[in-house]
Structure formats: C-alpha cells, structure tokens
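# Observations on the model geometry
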Amino acid sequence: MATTEQSVVDAVRPQLFIGGEWRDAGAGGTLPVEDPSTGETLVEVADGQPEDADAALAAAAGAQDEWAATAPRERGEILRRAYEKLVERADDLALLMTLEMGKPVAESKTEILYAADFLHWFAGEATRVEGRFGIAEKAPGQRVLVMKQPVGPCVLITPWNFPMAMGTRKIGPAIAAGCTMVIKPAKQTPLSMLALAQILEESGLPGGVLNVLTAKSSGSIMEPLIKDPRTRKLSFTGSTEVGRTLMQQASEQLLRVSMELGGNAPFLIFDDADVDAAVEGALIAKMRNVGEACTAANRFHVAEGVADAFASKLAAKMGEMKVGRGTDPAVKVGPLIDDDQRGKVDELVQDAAGKGAKVLVGGSRLDGAGYFYEPTVLSDVGEDARMLKEEIFGPVAPVRGFGSEDEAIAAANDTEYGLVAYVYTSDLKRAFRVIERLQTGMVGLNQGMVSNASAPFGGVKQSGFGREGGREGIQEYLETKYVAMNLG
Ligand code: NAP
C-alpha cells in the first residue's frame, strides 16, 4: 500500500464514539475492514457489543434535553463548519472511501461533496423550523398554537454503498432539528462514518449528540435499541428485506420510522427521444457506483423502433469502460463490494442468458484478486428473467423492447418497488402523461441522476416511506405539538 493510502487509513480512529469519547469495544473485539479490490484487510475497527450499544443510547438520551435547548443557529453553525471541513478534506476522504468501498476515486469525491451538501442544506434548515398561530375556527376567544419540537433520540442505520452521504442525509437533519442519535454504519464501510464523526467533533458538536457504533453483528446490537423506550425514532437505509424486520421491531413501541429501501428503477426510452442523450443518461443511471445504487437503472424498456440502436450504442460505451482498482484515475468501474454480491450479479446474468437474452458485451466475472465484474449489456431479455424483478446491484443493463406507451408504463410499474424511474422523451405532453402514472417517489426526466440535497429523496411501495433532503427532510425529525389557548 502506498504511503498516502496508509496515511488516510491511519488518520481514522478505529474505535466506538460514545458520549464524546473514543473507546474500544467493551469486550475488546475488533472486525476487519477489507479493500474489495484486493481482498486484503485495511484495518481492524471496534466490534461493538450490546453493552456498548446500551452505553451509546444512554449517552444520546442523556444529551437530548440540553441539545434540544441549544439555539438553532448554533446547531446550524456546527453543520456549516463540518461542511467546510468535508470540502477541504474531500481528496483524502475520497481515497479513504475508495479503499473501503471500491468505487473509482473521482466518484468517491463526488459522494463526499454530495454528503457535504446535506450538512450545508440542513445548516440553513435549522433556523427555518416554524410553527403557526391562529384564531380557533369557531371560538374568537381561543387560539391555536402549533409548535415543532425535536422527536428525541434517534437510531440511524446506513448501508455500505454510499458510506458518507447516507449518513449525512440522516445526521444533518437530526442535528438541525435538535435530536441526539446513535448511528450504525455497515460493517464493510465503517471508516467514512468514523472520519465524519471526527469532523463533527472538531466542528464543536457536543459529546453525546452523535454516537457511532461499529459492529459485526448488527442484529443483536440494534434490536435492543429499537425496542428501548429511550429511542423515539428509527431511520434506516438498506434492503427491503432488512427494512421489514426492523419495522416489526419498531412496531413494539410504535416508533416514528423512516425507510429508504431497495429499488428496481425502470429506464424508459420513447421513440421520440434523443437516443445519444439517452445513452449518456443510461451510463450515469446504470454505472454510477458500479451499479450498486438504490437509484440504479435496473432495466431498460425501449421503444421497439430504437431498441437495437440504443442497446448497441450502450454496449459499445460500456465495453470501453476501464475496470480496475478505484485508486487508478483511468478506472471507471471498480470492484463489487464482496464475493457474495458478485455471485448474485452473475447468477442473474446466467439466468437471463439461459432464458434467451443475448449478451452484447461482458457477462462474466474477472479472474484474479478483488470482486470485479465486466460491464454487461443484455438485449432481448425475456419477461421471465429474474433481473427484471430483482435488484441487480451491479454493472449489468438488461434491454427490452416495448410497443405502446401503455405497455411501457405497465412494464415500468410491474414491480413491488417504487423508488425512481427515468423517462426519455422530447414530447412534453407525453412526459407528463407518463410521469403522472408512474408509481415511484422520484422521476428523472431526460436525465440519469436525481440525487440532490435540496430535493426530497424517497420511495413508495416497498421502496419505503419518508423523505431525506429538501424541505421535507427535517420534518422526519420533528414532532408537531398543538396548544389550545383560552384567552377568554
Ligand atoms: P442491508 O443488508 O439491508 O444493510 C443495511 C444496514 O442494515 C447495514 O448497516 C447492516 O449492517 C444493517 N443491518 C442488516 N441486518 C440488520 C438487522 N437485523 N438489524 C439491524 N441492522 C441490520 O443493505 P446493504 O446491502 O448494506 O445495502 C444495499 C441496499 O440498500 C440495497 O437494497 C439498496 O437499494 C438499499 N439502499 C437504499 C437507498 C435509498 O435511499 N432508498 C439508498 C442506498 C441503499 P451490517 O450489514 O453491517 O450487519
């Protein structure tokens, strides 16, 4: 490992952050963090146990009242300082993220800046939490006062695919609203979250407001927290399957819950679309994050007249993308997160090919160290192919033709997921007709990316509920209290 790689890893404290202190796990255990491009261990971090989780929640609960009473502007200024530090250190943090997660370093840097945007956005939102005041509808001597208050200590759980941004999308609004929290990053990528905690600490965040737990066995340490009456809110980003389990746990004390879950995004291209622009958009929607994004275009439904042209152009571009270790600036496609994930991707490709799909480019794992998979385009994908129904989470693009607009919409909505859809058309009337009938929380119109800190991100159906970012994001961390006032 070159010096700079070692130094960015060494700069992270590989410990739990509880009550403003860095400490080892109570039982002294550690878990290895692996570089997915080599399979080698980068560093060991603390393996938190149930007693550590309890201490983290106790710290959050203990800090709640004082934190809720701070001036909103003070909370905003902490976020603003953390934003500036993230931006200043973006290059080092990007390298760190690439080492633990694998994506090309330029993409990691884009994620750091996107993550920072949430801190900036919610720094402003902190000072804009408003209630209302009015005369009671039928009683002129009475007043209605509506106030917003922090929901209380939060349990936050994030996935490995966007190790920093999925954290700031929760931490930013929680801090702005005056909530304390315990956050658990995914075991594959804890380093970015620990680096973020160090930055928030340096930015003046008081001890106990943010507590970070890293752990091998997430179920056993998080379930007691979710069921603990000190916890008032659960916000989870991850798979639909785990989301379902956590909702059951949260039902015990009817917790406030936000769920940002899996996707199966359709990418619709109509025959009036600019096909070259659609190919560019498709490359972003499919290949960003090596295809490991909840917003990744999972299936391309293309008007029959332009389907072959689109598929061959996309295959040519994907075939040119350099695959390799994300630290090489020429690399466009890094490794998948682990061998299990690569195995799942390959299984879906073999299933589709076995059912008659044509492999236009790619279609295999790459030999050697690391979990690399070839960028792959499949055309004539049969209706029964599993990849049309399941989240692929890899660099694989299935293309299927459609006849009519109704057929395209029916195909797009034929999934239990509903996170995002992409639509390419030059006809504005058609665009609105289609967008209004799509069963998703977000739509990209003639663009392959929707992520934006100032917009409400989230899904419908089994992609979850609640919104992160935008003006909606802070509401997830606020309660509404109504005061009936008698002035008579
Ligand atoms: P995952 O397996 O559901 O894990 C997500 C997080 O939950 C990790 O921190 C994981 O910890 C933890 N976890 C797993 N089982 C748990 C349990 N029983 N109790 C408590 N915590 C538990 O998902 P993933 O593989 O990391 O992430 C990929 C998924 O996230 C995809 O489905 C993707 O679509 C979705 N995602 C959604 C969005 C969105 O905004 N809608 C954004 C990004 C990703 P450990 O694995 O470390 O044990």
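Residues numbered from 1 in each chain as written. Predicted model: local features only at pLDDT ≥ 70, side-chain atom pairs only at ≥ 80, totals over all residues. Heavy atoms only, no water.

On to the sheet that holds strand β20 (residues 478-486). Pairing in this open sheet of 3 strands is antiparallel, and the strands run β5-β6-β20 from one edge to the other. Two strands lie at the open edges of the sheet, namely β5 (132-136) and β20, each paired on one side alone. Averaged over all pairs of adjacent strands, the angle between strand axes in this sheet comes to 25°, irrespective of strand direction. Across 5 bridges, β5 lies against strand β6 (residues 139-150) in antiparallel orientation. Looking at β6, one finds that isoleucine 135 is bridged to arginine 143. (Pairing = 2+ DSSP bridges. Helix = DSSP H or I, 4+ residues; strand = E, 2+ residues; numbered from the N terminus. Axes fitted to C-alpha atoms, helices over the stretch in contact; angles between N-to-C directions.)

Right, let's get into the pairing of strand β11 (residues 256-260). For β11, the tally of buried residues reaches 4 of 5 residues, placing the bulk of the element in the interior. Where strand β10 (residues 233-237) lies against β11, 5 bridges are found, and the strand directions are parallel. When the bridges of β11 are listed, lysine 233 appears paired with arginine 256. Between the parallel elements β10 and β11, the chain passes through helix α9 (residues 240-251) in a crossover that is right-handed. Here 2 bridges tie β11 to strand β19 (residues 464-465), and the two strands are oriented antiparallel to one another. What sits directly across from methionine 259, in β19, is phenylalanine 465. (Buried < 20%, exposed > 50% of the residue type's maximum accessible area, 1.4 Å probe, protein only. Right-handed = clockwise from strand over helix to strand, strands pointing away.)

Residues in contact with the ligand amount to 29 residues; listed here are only the nearest, Thr158, Lys187, Ser218, Ser239 and Glu391. In the model, an oxygen atom of the ligand is placed 3.3 Å from a nitrogen or oxygen of the glycine 238 main chain. Contacts to the ligand include leucine 261, whose backbone N or O atom sits 2.7 Å from a nitrogen atom. Bound to the protein, the ligand loses 88% of the 900 Å² it would expose on its own. At the level of secondary structure, the elements contributing two or more residues to the shell around the ligand comprise α6 (165-177), α8 (218-226), β10 and α9. If you tally residues by element for the shell around the ligand, the top one is α8, at 3 residues. Along the lines of polarity and charge, the residues of the shell around the ligand split into 15 nonpolar, 9 polar and 5 charged. (Near = heavy atom within 4 Å. Polar contact = N/O pair within 3.5 Å; in protein donor to acceptor, adjacent residues only side chain to side chain. Areas by Shrake-Rupley, 256 points an atom, 1.4 Å probe, with all protein chains shown as cover. Nonpolar A, V, L, I, M, F, W, Y, C, P; charged D, E, K, R; others polar.)

Looking now at unusual backbone geometry. Where the residue is not glycine, phi is negative for most of them; where a peptide bond is considered, it is trans in most cases. Of note in this structure, asparagine 289 is not a glycine but carries a positive phi near 60°. Residue asparagine 289 is classed as buried on the basis of its relative accessible area, which comes to 0%. At asparagine 446, a position not held by glycine, the phi torsion is positive, near 55°. Considering the arrangement of structural elements, one finds asparagine 446 in the loop between β18 (442-445) and β19.

Below, the discussion takes up the packing of helix α2 (residues 50-68) against α8. Close contact between α2 and α8 brings their axes to 9 Å; oriented N to C, the two are set at 35°. The interaxial crossing formed by α2 with α8 has right-handed handedness. In contact with Pro50, Ala53, Asp54 and Leu57 of α2, α8 contributes Ser220, Ile221 and Leu225. (Left-handed = near helix turned anticlockwise from the far one by under 90°. Contact = heavy atoms within 4.5 Å.)

The next thing to look at is the sheet that holds strand β16 (residues 396-402). In spatial order, the strands read β14-β15-β16-β13-β12-β17-β18; together these 7 strands make up an open sheet with mixed pairing. The open sheet has two edge strands with one neighbour each: β14 (358-361) and β18. If you compare each strand with its neighbour and ignore which way they point, the axes differ by 25° on average. Pairing between strand β13 (residues 297-303) and β16: 4 bridges, direction parallel. Directly across from alanine 303, in β16, lies its bridge partner phenylalanine 402.

Below, the discussion takes up the packing of aromatic side chains. Summed over all chains, the structure comprises 8 aromatic pairs. Judged by centre distance (5.7 Å) and plane angle (85°), the ring pair of tryptophan 160 and phenylalanine 393 falls under edge-to-face. Taken together, the positions of tryptophan 160 in the loop between β7 (154-157) and α6 and phenylalanine 393 in the loop between β15 (376-379) and β16 put the pair 233 residues apart, joining distant regions of the chain. Across the pair, exposure class does not vary: tryptophan 160 and phenylalanine 393 are buried alike. In textbook terms, an aromatic cluster arises when at least three aromatic residues are bridged by ring pairs, as seen for Phe267, Phe300, Phe310, Tyr422 and Tyr424. Its guanidinium or amino end placed over the ring of phenylalanine 457, arginine 169 lies 4.1 Å from that ring's centre, counting from NZ or CZ. Its guanidinium or amino end placed over the ring of tyrosine 477, lysine 233 lies 5.1 Å from that ring's centre, counting from NZ or CZ. (Phe/Tyr/Trp six-rings, centres within 6.5 Å; stacked < 30°, edge-to-face > 60°. Lys NZ or Arg CZ within 6 Å of the ring centre and 35° of its normal.)

Let us look at the pattern of salt bridges. Inspection of every chain in the model, using the stated rule, returns 32 salt bridges. Across the pair glutamate 468 and arginine 169 runs a salt bridge, and its minimum N-O distance is 2.7 Å. Taken as a pair, glutamate 468 in the loop between β19 and β20 and arginine 169 in helix α6 lie far apart in primary sequence, 299 residues in all. Accessibility assignment for this pair places glutamate 468 and arginine 169 in one class, buried. Between glutamate 468 and lysine 170 there is a salt bridge, with its nearest N and O atoms 2.8 Å apart. (Salt bridge = Lys/Arg side-chain N within 4 Å of Asp/Glu carboxyl O.)

As a further point, take helix α7 (residues 191-202). The first and last C-alpha atoms of α7 sit 17 Å apart over 12 residues, in line with the 16 Å expected at 1.5 Å per residue. Burial analysis of α7 places 10 of its 12 residues in the buried class, the great majority of the element. Within α7, burial applies to Leu191, Ser192, Met193, Leu194, Ala195, Leu196, Ala197, Gln198, Ile199 and Leu200. Directly after α7, the chain includes glycine 204, whose backbone phi takes a positive value near 100°. (Expected span 1.5 Å × (residues − 1).)

The subject of this paragraph is the environment of cysteine 294. Structurally, cysteine 294 can be placed in the loop between α10 (275-287) and β13. On the accessibility criterion, cysteine 294 (14% relative accessible area) is buried. Counting along the chain gives 16 residues from cysteine 294 to alanine 278, while the straight-line C-alpha distance between them is 20 Å. What cysteine 294 contacts, discounting residues up to four positions off in sequence, is Asn161, Leu261, Gly263, Glu391, Phe393, Leu419 and Phe457.

On to the pairing of strand β3 (residues 30-35), then. Taking every second residue as pointing to the same face, the buried face of β3 carries Leu31, Val33 and Asp35, while none of Thr30, Pro32 and Glu34 on the other face is buried. Strand direction decides the pairing type here: β3 and strand β4 (residues 40-46), joined by 6 bridges, are antiparallel. Residue pairing in the sheet places threonine 30 in a bridge with alanine 46 of β4. Turn length for the β3-β4 hairpin, with the two strands adjacent in sequence and antiparallel, is 4 residues, and the turn residue glycine 39 shows positive phi of about 80°.

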